[in-house]
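Residue-level structural notes
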Amino acid sequence: ELEQRAARLAQALRSSASDLEIDVAPSVARSGGGTLPTYEIPSFAVRLRGTDAEALATDLRSADPPVIGRVREGRLWLDVRTLLPGDEEAVVGALKHARG
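Residues numbered from 1 in each chain as written. Predicted model: local features only at pLDDT ≥ 70, side-chain atom pairs only at ≥ 80, totals over all residues. Heavy atoms only, no water.

Our next topic: the environment of Arg14. With respect to the helices and strands, the residue Arg14 is situated in helix H1 (residues 2–16). Judged by its relative accessible area of 32%, Arg14 falls in the partly exposed class. Sequence spacing of Arg14 and Val92 is 78 residues, and the spatial spacing of their C-alpha atoms is 9.4 Å. Residues in contact with Arg14, not counting those within four places in the same chain, are Ile22 and Asp23. A polar contact is formed between the side chain of Arg14 and the backbone oxygen of Ile22, at a distance of 2.9 Å. (Helix = DSSP H or I, 4+ residues; strand = E, 2+ residues; numbered from the N terminus. Buried < 20%, exposed > 50% of the residue type's maximum accessible area, 1.4 Å probe, protein only. Contact = heavy atoms within 4.5 Å. Polar contact = N/O pair within 3.5 Å; in protein donor to acceptor, adjacent residues only side chain to side chain.)

Before going further, it helps to spend a moment on the packing of aromatic side chains. The relative placement of two aromatic rings is captured by the distance of their centres and the angle of their planes. Evaluated as defined, the whole model comprises 0 aromatic pairs. Its end group placed over the ring of Trp77, Arg47 keeps NZ or CZ at 5.2 Å from the ring centre. Seen from the ring of Trp77, Arg72 lies directly overhead, with NZ or CZ sitting 3.9 Å from the centre. (Phe/Tyr/Trp six-rings, centres within 6.5 Å; stacked < 30°, edge-to-face > 60°. Lys NZ or Arg CZ within 6 Å of the ring centre and 35° of its normal.)

Should their charged atoms come close, side chains of opposite charge can pair. As enumerated under the stated definition, the model contains 8 salt bridges in all. Between Arg49 and Glu21 there is a salt bridge whose closest N-O contact spans 3.5 Å. Within this pair, whereas Arg49 is found in strand S2 (residues 40–49), its partner Glu21 is found in strand S1 (residues 21–30), the two being separated by 28 residues in sequence. Beyond isolated ion pairs, a larger network of salt bridges with shared partners links Glu21, Asp23, Arg47, Arg49, Arg72, Glu73 and Arg75. (Salt bridge = Lys/Arg side-chain N within 4 Å of Asp/Glu carboxyl O.)

None of the figures reported here should be taken as evidence of function without further support.
See the structure below:
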């Protein structure tokens, strides 16, 4: 299910930013701190490349609502495990806004 959600989000983002290289990759989410700081949960992420990943991450964090990703391997990774159903439209809108 997560892989399918990631594929749908990737397709929607490609329609909005055809100059970016956008793909889907296996990922891991972490449960956070506390008693399980290194516990990993399998997930999928949409990866964006083709611009300054750090700058894009900053712009998306400034969106309303903020979109939080992580920069790794020169790409911005957006983990779909963190999205609620329907959040995909907000991510697409934030990317459009961030790119002018």
